[in-house]
Amino acid sequence: MSVRLTGSVRLTVAQALVRFLAAQHTERDGERHRLIAATWGVFGHGNVAGIGQALVEEEHMPFHQGRNEQSMVHAAVGHARQTGRLSAHAVTTSIGPGATNLVTGAALATVNHLPVLLLPGDTFATRPADPVLQQLQVPSAGDVSVNDCLRPVSRYFDRIVRPEALIPAALEAMRVLTDPAATGAVTLALPQDVQAEAYDWPAEFFAGRTWRIRRPSPDEAELDAAAAALAGAARPLIVAGGGAKHSRAEEALAELAASTGIPVASTQAGKGTLPHDHPQDVGAVGHTGTAVANHLARTADVVLGVGTRWTDFTTASGTLFGHPSVRFVNLNVAAFDAHKQAALPLVADAREGLEQLHALLDPHHVAAHYVHEYTEEKLRWEARVTAACAAPDETARPTQAQVLGVLDTLVDPTDILINAAGSLPGDLHRLWRTRSRDQYHVEYGYSCMGYEIPAAIGVLLAAPGRPVWALVGDGTYLMNPTEIVTAVQERLPLKLVILQNHGYASIGGLSEAVGAERYGTDYRLRDASGAFTGPPLPVDLGANAASLGMRVLRPRTIRDLREALADARSATDPTCVYVETETADSVSGPPPAQAWWDVPVAEISTRPSAVKAREEYDRHVTARRRHL
């Protein structure tokens, strides 16, 4: 029998909020977590006397000291993803630039449906002086601050201008953070004077609460229609997205695929839902997909999407699914995504939906010749992967694919790889052999350069004792290396691999393909004409990482690389492997993209490269299709 708390407690708004957050929990399938497991912060005049002082008093709220506000959000997102969205972090900043630095991280969290609580300071609610330091004034609206930039990238936004307004706002914030369909960034803007204001709070506000994560069951009619479509298909295909992982639906998907023989392709967010050696796993789909998965997509007559948003990379900008009568079935907890591609919607939790589909489809199985076809194609693709990653000359400088190949020989299912942008996501999606459900952590919903290092810190906090690798190119490293200092401060064994290829390799390749001739994509000195075609910049990113506190290893050959990666994997301190990759032919080496991606090319140009690129663009765009 629960005991109802009575009476009141006098606290500041900031003290009340921190105490409230420390008492919130989540529960799903008997697994219980702290909802707000820790708070990140960079303090300034807009939060130091409020949230900062409250954190000093609240012994049950762990605190992490960040170096960059965007990075703190990335760390929180990494933690949330690793915990299956059962736990989140809060991020507090001052007003002004500290608050606006949150916007990119908030957009990333919301795009990827990952919970994070943002607590930016705000200008005075009482307006004793107008403007105050760092205040943006809008002549037409007195109630606007820079925090309003966070509205379009937040799933929930509120500004707490009175103490008593915190109670409903805090409860709404927890509701959204724990909603599997609506979660993302949640922002509570906190005017700096209100943070420090005292109020008599009902004691019940601080009672422990457990927010149960729902698993909605599918509608019976929708379920019957979905099962009938799959049972009647000659060439069905399952596309697993990130929602399958968020739901912990891996076992249910593996059982359905094994029982029916339906092959399973994966998006960037869904890769690893099945291990690479599962008989029905055919690998990545879309622009960065495998030859086998994309062939099956082109010829599929029914496609079951599980927890996918159907982005342009997955659909090859609407050119991939080419069967004349292809029909989609979308199992998704969010109705908005379930109806995409004019699909038969199956609005439900991914695990619940897959289990119930399995029950209806049993003992249905696809034709034996279809299984033989994709099995043989998968073997041929695996041979191409092996060739791309092979390192026959141990004394040579490695290509990027060979770096992945060497790492592949050293890891086991406990390792976690983190990446987000550049040429690596394409190589990883096509080439990496995923061994566990959470080994492949590539943030490609927002593809944010600078995500990897702070996200790895969040993952390390959520999964202590596991080897966590942040894989970055030189361009990404230069965007956001500062949280290395946090890894050193927290004594976290971050394993950072910096691939030095002297520029934006991915965009350089795209630039060449669309007639922009790699303009502004290489990191080089200017030549006599002023163009960036001189020698590579004389930068030493390894020395930079060392200056921030990391131990740095500098392999020059494939043999050196093997030893360095093994050393880093066993290290108990933050360790960087800094390797210059071979880029003579291409960054990645074979195999190339297996499907198109729509990047519009100049319709008119005086340069032959752009004219040729436009001709190629016009050829591809004719295959684009709306599924109606």
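Scroll up to find the structure.
What you see is a predicted model, and the numbers here were worked out from it, not measured in a lab.

**Q** Help me out: how do you make sense of the overall build of the protein chain in this one?
**A** A count of helices and strands for the protein chain gives 24 helices and 23 strands. Against the globule reference of 25 Å for 628 residues, the protein chain gives a C-alpha radius of gyration of 25 Å, in line with a compact fold. The dimensions of the protein chain, computed from C-alpha atoms along their principal axes, are 70 × 70 × 55 Å. Per-residue burial for the protein chain yields a buried fraction of 57% across its 628 residues. Summarising the internal contacts of the protein chain: among those between residues at least 6 apart in sequence, 77% fall at separations of at least 24. Summed over all atoms, the accessible surface of the protein chain reaches about 24,800 Å², with 55% contributed by carbon and sulfur. Distance between charge centres in the protein chain, computed from 55 positive and 68 negative side chains, equals 1 Å.

**Q** Before we go on, may I ask you to explain a nonpolar patch on the surface in this structure?
**A** Judged by side-chain polarity, F43, V48 and F63 come together as a nonpolar surface patch covering roughly 240 Å² of accessible area. On the secondary structure map, F43 appears in the loop between strand 4 (36–41) and helix 2 (48–57). In this structure F43 comes out as partly exposed when scored by relative accessible area, which is 37%.

**Q** What is the right way to read the sheet that holds strand 14 (residues 281–284) from this model?
**A** Pairing between the strands of a sheet is mediated by backbone hydrogen bonds and can be parallel or antiparallel. With parallel pairing, 6 strands are arranged side by side in an open sheet as 14-13-12-15-16-17. Across the chains shown, the open sheet's two edge strands, defined by having one partner strand only, are strand 14 and strand 17 (344–347). Adjacent strand axes in the sheet meet at a mean angle of 20° when their direction is disregarded. Note: strand 16 (residues 327–332) against strand 17, 4 bridges, orientation parallel. Looking across to strand 17, one finds that L331 is bridged to L346. Contacting strand 15 (302–306), strand 16 and strand 17, helix 14 (residues 350–361) runs over the sheet at an angle of about 145° to strand 15.

**Q** How should I be thinking about the packing of aromatic side chains in this particular structure?
**A** Geometrically, a pair of aromatic rings is defined through the distance of the ring centres and the angle of the planes. Counted under the stated rule, the structure contains 13 aromatic pairs. Ring centres of Y504 and Y523 lie 5.0 Å apart, and the angle between their planes is 75°; this geometry places the pair in the edge-to-face category. Taken together, the positions of Y504 in the loop between strand 21 (495–500) and helix 21 (505–513) and Y523 in the loop between helix 21 and helix 22 (541–547) put the pair 19 residues apart, joining distant regions of the chain. Accessibility expressed as a relative area gives 29% for Y504, which makes it partly exposed. Y523 gets classed as buried once you look at its relative accessible area, which sits at 16%. Among the aromatic residues, those joined into a cluster by ring pairs are F20, Y199, W201, F205 and F206. The lysine or arginine in question, R19, covers the ring of F206, its NZ or CZ lying 5.7 Å from the ring centre. In this structure, K271 is placed above the aromatic ring of Y440, and the distance from its NZ or CZ to the ring centre is 5.5 Å.

**Q** Explain the sheet that holds strand 3 (residues 31–34) here, please?
**A** Strand order in the open sheet made by the 3 strands is 3-2-11, with mixed pairing throughout. Each edge of the sheet is formed by a strand with only one pairing partner; in this case those strands are strand 3 and strand 11 (209–212). Taking the axes of each pair of neighbouring strands and ignoring which way they run, one obtains an average angle of 30° across the sheet.

**Q** Is there a simple way to explain helix 23 (residues 558–570) in this structure?
**A** Three or four residues apart is the spacing at which side chains of an α-helix point the same way, because the helix has 3.6 residues per turn. For helix 23, with 13 residues, the first-to-last C-alpha span of 19 Å sits near the 18 Å given by 1.5 Å per residue. Buried within helix 23 are the following residues: I558, L561, A564, L565 and A568. Seen end-on, helix 23 carries its buried residues on one side only, within an arc spanning 115°. Residues of helix 23 that are exposed and point over 90 degrees away from its buried face: E563 and S570. Against helix 16 (400–410), strand 20 (468–473), strand 21, strand 22 (551–553) and strand 23 (575–580) lie the buried residues of helix 23.

**Q** Explanation requested: the side chain of Q439 in the structure shown.
**A** Examined against the element boundaries, Q439 turns out to sit in the loop between helix 17 (424–431) and strand 19 (440–442). In this structure the side chain of Q439 is engaged in a polar contact, spanning 3.0 Å, whose partner is the side chain of W432.

**Q** Could you clarify how one ought to interpret the nonpolar core in this entry?
**A** The tendency in soluble globular proteins is for nonpolar side chains to be buried as a group. Counting 59 residues, the largest nonpolar core has L304 and L354 as the members making the most contacts within it. Looking at this core element by element, the count peaks at 7 residues for helix 15 (residues 368–389). Once residues lying within four places of it in the same chain are set aside, the contact partners of L354 are A249, A252, L253, L256, L304, V306 and L331. Core analysis: the next-biggest nonpolar cluster, separate from the first, contains 47 residues, A487, L541, M550 and C576 among them.

**Q** How do you make sense of the packing of helix 8 (residues 220–231) against helix 14 when you look at a structure like this?
**A** When two helices pack together, their arrangement is given by the angle between the helix axes and the distance between those axes. Two elements in contact, helix 8 and helix 14, have axes whose closest approach is 10 Å; the angle formed by their N-to-C orientations is 60°. Taken together, the axis directions place helix 8 and helix 14 in an arrangement best described as oblique. For the crossing formed where helix 8 meets helix 14, the hand is right-handed. Across the interface between the two elements, L223, D224, A226, A227, L230 and A231 from helix 8 touch G353, Q356, L357, L360 and L361 from helix 14. Residues belonging to the contact of helix 8 with helix 14 are distributed by class as follows: 8 nonpolar, 2 polar and 1 charged.

**Q** Looking at this model, I keep getting lost on the pattern of salt bridges. Mind explaining?
**A** Between side chains of opposite charge, a pair can form as their charged atoms come close. Per the counting criterion, the structure on display carries 34 salt bridges. Between R212 and E27 there is a salt bridge whose closest N-O contact spans 3.5 Å. Separated by 185 residues along the polypeptide, R212 in strand 11 and E27 in strand 2 (residues 24–28) bring together distant segments of the chain. Using a relative accessible area of 59% as the deciding quantity, one classes R212 as exposed.

Parameters at a glance
- Residues numbered from 1 in each chain as written.
- Predicted model: local features only at pLDDT ≥ 70, side-chain atom pairs only at ≥ 80, totals over all residues.
- Heavy atoms only, no water.
- Helix = DSSP H or I, 4+ residues; strand = E, 2+ residues; numbered from the N terminus.
- Rg over C-alpha atoms; globule rule 2.2 N^0.38 Å.
- Buried < 20%, exposed > 50% of the residue type's maximum accessible area, 1.4 Å probe, protein only.
- Contact = heavy atoms within 4.5 Å.
- Areas by Shrake-Rupley, 256 points an atom, 1.4 Å probe, with all protein chains shown as cover.
- Lys, Arg positive; Asp, Glu negative; His and termini not counted.
- Charge placed at Lys NZ, Arg CZ, Asp CG, Glu CD.
- Patch = residues over 30% accessible without salt bridge, like charges linked within 9 Å, V, L, I, M, F, W, Y side chains within 5 Å.
- Salt bridge = Lys/Arg side-chain N within 4 Å of Asp/Glu carboxyl O.
- Pairing = 2+ DSSP bridges.
- Axes fitted to C-alpha atoms, helices over the stretch in contact; angles between N-to-C directions.
- Phe/Tyr/Trp six-rings, centres within 6.5 Å; stacked < 30°, edge-to-face > 60°.
- Lys NZ or Arg CZ within 6 Å of the ring centre and 35° of its normal.
- Expected span 1.5 Å × (residues − 1).
- Arc of directions from axis to C-beta.
- Polar contact = N/O pair within 3.5 Å; in protein donor to acceptor, adjacent residues only side chain to side chain.
- Core = buried A, V, L, I, M, F, W, Y, C linked by side-chain atoms within 4.5 Å.
- Parallel < 35°, antiparallel > 145°, perpendicular 65-115°, else oblique.
- Left-handed = near helix turned anticlockwise from the far one by under 90°.
- Nonpolar A, V, L, I, M, F, W, Y, C, P; charged D, E, K, R; others polar.

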